[in-house]
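Descriptive analysis of the structure
What follows is each chain in one-letter form.
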Amino acid sequence: MSLAASTNPLKIYKMTQIGKSSAKRSQPSYFMSILGVSLVLFILGLLGWIVINANKLGQYFKENVEVRVYLRENINEKDSVTLVQYIANKPYVKEYEYITKEMARAKFLADGNEDWKNILDVNPLPASIDFKLRNQYVHADSLAAIKADLMQNIGVNDVQYPQSLVSNLNENVRKISLILLIIAIVLCVVVIVLIDNTIKLAMFSNRFLIKTMQMVGATRGFISKPMDLRAVINGTISGLIALAGILVLVVFAEKQLPELRAMRDITWLTLLGIGIVVLGILISLLSTHRSVVKYLKMKLDELY
């Protein structure tokens, strides 16, 4: 015997009326669902933006670590040019500058030091090649290998770099990255749970409508398809609203701190925006479909 035949006609009529009333009330529920999902995605996107800037900031500090290669006093011009080209062609060099003895003296005096001309007849400051590293090479092991390689050159007198700064910098970047990763994982779990509960609450008002459609013979696919489509639309709207809020915040922050504009990474910001919209769509779709299937499997009396 079918479900429709075994059910009290009065109860079916009552279900139909409740279903119609639920359909009329579904729009406000969708609105609150979109608003709630948007706020949660905005918080997640804000954390993503902070993570991106933290990585860029760490990269910025690493790429400002300077290595100085001091040349021997008796090196001739040809050998110094050859050494400069040798260093310039290395993959770990981001930018370099050749500092002559006179340029070193000018920098020495510009730092507020007294001129030694009254005491010394010659310039004691050596010429040097100063270069900054690419961030992936700013590690103690890499710098030690770089120093060992350069010291083999006959024209090099010494190679110096801030060893303690490199160690502390890498340690701090590692700690900050770990903390942000833990926060991101926890927040992702919270976001998924909050969005799932928000969608379930929105679908709760449609439970009688879902059951009524099933009782009059509608298939599961026929019932779930429009609601799944609506979930995709709502998820897209939520993601776009969250993305717009993040962009407004980014523009405001960059106006207050112009230094942030120099660290802006369009590629990562684009990926973040796409990820927020896709996440909003996926969670909304999965939560909606699960709720529809749940109410379809429930018995009539369990809906009250």
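Just so we're clear, the structure is a prediction, and the values are computed from it rather than from any experiment.

Assigned secondary structure in the chain consists of 10 helices and four strands. Counting helices and strands in the order they occur from the N terminus, the chain gives α-α-β-α-β-α-β-α-β-α-α-α-α-α. Taken across its 304 residues, the chain has 37% of its residues classed as buried. A sequence separation of at least 24 residues applies to 82% of the contacts in the chain between residues at least 6 apart.

A separate point is the side chain of Glu254. Structurally, Glu254 can be placed in helix H8 (residues 220-256). On the basis of relative accessibility, which here comes to 5%, the residue Glu254 falls in the buried class. Residue contacts for Glu254: discarding those within four places in its chain leaves Leu260, Arg261 and Arg264.

Time to look at the side chain of Lys62. Here Lys62 shows up in helix H2 (residues 9-62). Apart from the residues lying within four places of it in its own chain, the contact partners of Lys62 are Leu133, Asn135, Val138, His139, Leu169 and Asn170.

Before going further, it helps to examine the nonpolar core. Core analysis: the biggest nonpolar cluster contains 22 residues, and Leu41, Trp49, Val191, Ile195 and Ile276 have the highest contact counts within it. Breaking this core down by element, the ones donating at least two residues are H2, helix H6 (163-204), H8 and helix H10 (266-297). The element contributing the most residues to this core is H2, with seven residues. When sequence neighbours within four positions are dropped, the list of residues in contact with Ile195 reads Val37, Val40, Leu41 and Ile283.

Taken together, the side chains of Leu178, Leu181, Ile182, Ile185, Val186, Val189, Val190, Val193 and Leu194 present a nonpolar region at the surface, about 790 Å² in accessible area. In this structure, Leu181 sits in helix H6.

In this structure's numbering, the residues bearing the UniProt feature "transmembrane region" (unreviewed entry) are residues 30-52, 176-195, 231-254 and 266-286. Helix makes up 100% of residues 231-254 and strand 0%. Its end C-alpha atoms lie 34 Å apart. With 100% helix and 0% strand, the stretch residues 266-286 has end C-alpha atoms that lie 30 Å from each other.

So, about the layout of surface pockets. There is about 550 Å³ of room inside the largest pocket. What lines the largest pocket is a set of 28 residues, and nearest its centre among them are Gly48, Val51, Ile52, Ala54 and Asn55. Listed by contribution, the elements that provide at least two residues to the lining of the largest pocket are H2, H6 and H10. Take the lining of the largest pocket: its biggest share by element is 14 residues, from H2. Within the lining of the largest pocket, the residues separate by chemical class into 16 nonpolar, nine polar and three charged.

All chains considered together, the criterion is met by two cavities of 30 Å³ or more. Taken as a whole, the second largest cavity encloses approximately 60 Å³ of empty space. In terms of lining, the second largest cavity is formed by Trp49, Ile52, Asn53, Glu254, Leu260, Met263, Arg264, Asp265 and Leu269. The residue makeup of the lining of the second largest cavity, split by class, is five nonpolar, one polar and three charged.

In space, the four strands of this open sheet follow the order S2-S3-S1-S4, with antiparallel pairing throughout. The sheet is open, and its two edges are formed by strand S2 (93-99) and strand S4 (156-160), each paired on a single side. Each strand of the sheet is rotated relative to its neighbour by a mean of 20°, with strand direction disregarded. Note: S2 against strand S3 (residues 128-133), six bridges, orientation antiparallel. For Glu97, the partnering residue across the bridge sits in S3 and is Asp130. In the packing of helix H5 (residues 140-151) onto the sheet, the strands contacted are strand S1 (66-71), S3 and S4, and the crossing angle to S4 comes to about 170°.

Right, let's talk about the environment of Tyr92 for a bit. Inspection of the secondary structure assignment puts Tyr92 in the loop between helix H3 (77-88) and S2. With 50 residues separating them in the primary sequence, Tyr92 and Ser142 have C-alpha atoms 9.4 Å apart. Contact partners of Tyr92, with chain neighbours within four places excluded, come to Phe131, Lys132, Leu133, Arg134, Tyr137, Ile146, Asp149 and Leu150.

This part covers the pattern of salt bridges. Applying the stated rule across the entire model yields seven salt bridges. The closest approach of N and O atoms between Glu73 and Lys101, which form a salt bridge, is 3.2 Å. Here the residue Glu73 occupies a position in the loop between S1 and H3, and Lys101 occupies one in helix H4 (residues 101-110), the gap between them amounting to 28 residues. In this structure, Glu97 and Lys107 form a salt bridge, with 4.0 Å as the shortest nitrogen-oxygen distance. In this pair, Glu97 sits in strand S2 while Lys107 sits in helix H4, placing the two residues 10 residues apart along the sequence. Residue classification places Lys107 among the partly exposed residues on the basis of a relative accessible area of 40%.

Cut-off values and rules
Residues numbered from 1 in each chain as written. Predicted model: local features only at pLDDT ≥ 70, side-chain atom pairs only at ≥ 80, totals over all residues. Heavy atoms only, no water. Helix = DSSP H or I, 4+ residues; strand = E, 2+ residues; numbered from the N terminus. Buried < 20%, exposed > 50% of the residue type's maximum accessible area, 1.4 Å probe, protein only. Contact = heavy atoms within 4.5 Å. Core = buried A, V, L, I, M, F, W, Y, C linked by side-chain atoms within 4.5 Å. Patch = residues over 30% accessible without salt bridge, like charges linked within 9 Å, V, L, I, M, F, W, Y side chains within 5 Å. Areas by Shrake-Rupley, 256 points an atom, 1.4 Å probe, with all protein chains shown as cover. Salt bridge = Lys/Arg side-chain N within 4 Å of Asp/Glu carboxyl O. UniProt positions renumbered as here; feature names shortened; annotations may be inferred. 1 Å grid on protein atoms, 1.4 Å probe; cavity = no way out; pocket = protein on both sides within 12 Å on 5 of 7 lines; lining within 4 Å. Points joined across faces, edges and corners; volume = space filled by probe spheres on them. Nonpolar A, V, L, I, M, F, W, Y, C, P; charged D, E, K, R; others polar. Pairing = 2+ DSSP bridges. Axes fitted to C-alpha atoms, helices over the stretch in contact; angles between N-to-C directions.

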